[in-house]
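Structural overview for review
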Amino acid sequence: MERIGDLYLERTRPRGPAKPLPLLFVHDMWLGSWCWENYLRVAADAGWDAWALNLRGHHGSRPVANLGEVGIADYVQDVLDCLRVLGEVVLVGHSMGGLIAQKVAEVGGARAAVFLTSAAPKGILVLRWPVLWRMTRYVFPMSANRPFLATRADMDALVGNRLSPEPQAEMYARMVPESGRAARELAFGLIPVDEHKVDCPTLVVGAQWDRITPAAVQRRIAAKYDAEYREMAGHGHMLMLEEGWEQSFKGILTWIDRAIAEEPRS
């Protein structure tokens, strides 16, 4: 574990010839750097100096008085604070982390960016009936800016639906409460991103069986940024933990290599 100020990050140093810049992973709601362990290992083997951030209020990182009041802009600031030390990076953001990565790319903080089963910016409707009817029990913490953790049943149905029971249980055991304010901003599409300011190469990765950020939403995100789009057959929301994760990540790394080679920066 490494520290940048009061933020905690997991890091795997490159093995073999090093890539020209770091790779920074940004996690989803309720998760932490731990969800990237598979990707970190493979990235290091491919020569990346790979970092996975714990956003504020998660796993000891940047303690806050009331996690429920933390918004997406605060999480964006966490990433920007890391960039002051790491310099220009390639960003990979999952779900909420995907929207955070979009906001960082909007201000020019990335050489390239991958949005993985990403939350959507303002203007792209995400909520579907399978999510809506499960959300009713979380209206109070979201409206009152309280931290909360969704139930195991809801997590299994919406997030871990392509995981077998043992990995589902392991994932839920490692989850921590999330900000009600951030959840509200995501659920109701309150975070705008100016696509004209996102000038780095972008890749959007959707999944066939993703219930919470469906493939149809991912295709709209890709269209917004004129991004390359890939859809992972047989997968759900948790691409980095599901069986077969190696193949999808191999494709992501190949795309990153090509993107940074085609977009040299001074």
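One can find the structure itself at the top, above this paragraph.
On a predicted model such as this, the values are computed, not experimentally measured, just so you know.

Rules behind the numbers
Residues numbered from 1 in each chain as written. Predicted model: local features only at pLDDT ≥ 70, side-chain atom pairs only at ≥ 80, totals over all residues. Heavy atoms only, no water. Core = buried A, V, L, I, M, F, W, Y, C linked by side-chain atoms within 4.5 Å. Buried < 20%, exposed > 50% of the residue type's maximum accessible area, 1.4 Å probe, protein only. Helix = DSSP H or I, 4+ residues; strand = E, 2+ residues; numbered from the N terminus. Contact = heavy atoms within 4.5 Å. Polar contact = N/O pair within 3.5 Å; in protein donor to acceptor, adjacent residues only side chain to side chain. 1 Å grid on protein atoms, 1.4 Å probe; cavity = no way out; pocket = protein on both sides within 12 Å on 5 of 7 lines; lining within 4 Å. Points joined across faces, edges and corners; volume = space filled by probe spheres on them. Nonpolar A, V, L, I, M, F, W, Y, C, P; charged D, E, K, R; others polar. Axes fitted to C-alpha atoms, helices over the stretch in contact; angles between N-to-C directions. Parallel < 35°, antiparallel > 145°, perpendicular 65-115°, else oblique. Pairing = 2+ DSSP bridges. Right-handed = clockwise from strand over helix to strand, strands pointing away. Phe/Tyr/Trp six-rings, centres within 6.5 Å; stacked < 30°, edge-to-face > 60°.

**Things to note about the nonpolar core**
The biggest cluster of nonpolar side chains holds 92 residues, and the ones touching the most others in it are Leu24, Phe25, Trp36, Tyr39, Leu91, Ile100 and Ile256. At eight residues, the largest contribution of residues to this core is made by helix 10 (residues 245-262). Excluding residues that lie within four positions of it along the chain, Tyr39 makes contacts with Phe25, Leu116, Leu239, Met240, Trp245, Ser248, Phe249 and Ile252.

**Focus: the side chain of Asp49**
Tracing the backbone through its elements, the reader meets Asp49 in the loop between helix 1 (37-45) and strand 4 (50-53). A polar side-chain atom of Asp49 sits 3.3 Å from a polar atom in the side chain of Trp51. Dropping the residues within four chain positions of it, Asp49 is found in contact with Arg11, Thr12, Arg13, Pro14, Pro22 and Leu23.

**Notes on the layout of surface pockets**
If you add up the space inside the largest pocket, you get close to 220 Å³. By residue number, the principal contributor to the lining of the largest pocket is helix 7 (residues 165-174), which donates four residues. Along the lines of polarity and charge, the residues of the lining of the largest pocket split into five nonpolar, one polar and five charged.

**Remarks on the packing of helix 2 (residues 72-86) against helix 8 (residues 180-187)**
Here helix 2 crosses helix 8 at 100 degrees, and the two axes come no closer than 8 Å. Regarding the angle of helix 2 to helix 8, the classification is roughly perpendicular. Of the residues in helix 8, those in contact with Ile72, Asp74 and Tyr75 of helix 2 are Arg181, Ala182, Glu185 and Leu186.

**Description of the pairing of strand 8 (residues 228-232)**
Two strands pair when backbone bridges link them, and strand 7 (residues 202-207) and strand 8 are joined in this way by five bridges, in the parallel orientation. Its bridge partner lying in strand 8, Val205 is registered against Arg230. Handedness of the β-α-β unit built from strand 7, helix 9 (residues 215-225) and strand 8 comes out right-handed.

**Here's the deal with the packing of aromatic side chains**
Centre distance and the angle of the planes are the two values used to describe a pair of aromatic rings. In this structure the tally under the stated criterion is nine aromatic pairs. With 5.8 Å between their ring centres and 85 degrees between their planes, Trp30 and Phe148 make a pair best called edge-to-face. With Trp30 in the loop between strand 3 (23-26) and helix 1 and Phe148 in the loop between helix 5 (139-143) and helix 6 (152-158), this pair connects stretches of sequence that are 118 residues apart. Every member of this aromatic cluster is reached through a ring pair, and the members are Phe25, Trp36, Tyr39, Trp245 and Phe249.

**Remarks on the sheet that holds strand 3**
Taken in spatial order, the eight strands of this open sheet run 1-2-4-3-5-6-7-8, and their pairing is mixed. Each edge of the open sheet is held by one strand with a lone partner, namely strand 1 (2-4) and strand 8. For this sheet, the mean angle separating the axes of adjacent strands, direction not counted, is 25 degrees. Across four bridges, the pairing between strand 3 and strand 4 is parallel. Looking at strand 4, one finds that Val26 is bridged to Leu53. Strands strand 3, strand 5 (89-94), strand 6 (110-116), strand 7 and strand 8 of the sheet are contacted by helix 10, whose axis makes an angle of about 155 degrees with strand 6.

**Concerning the environment of Asp154**
On the secondary structure map, Asp154 appears in helix 6. In this structure Asp154 touches Arg134, Arg137, Tyr138 and Val159, once residues within four positions along its chain are discounted. Reaching out from Asp154, the side chain makes a polar contact with the side chain of Arg137 at a distance of 3.4 Å.

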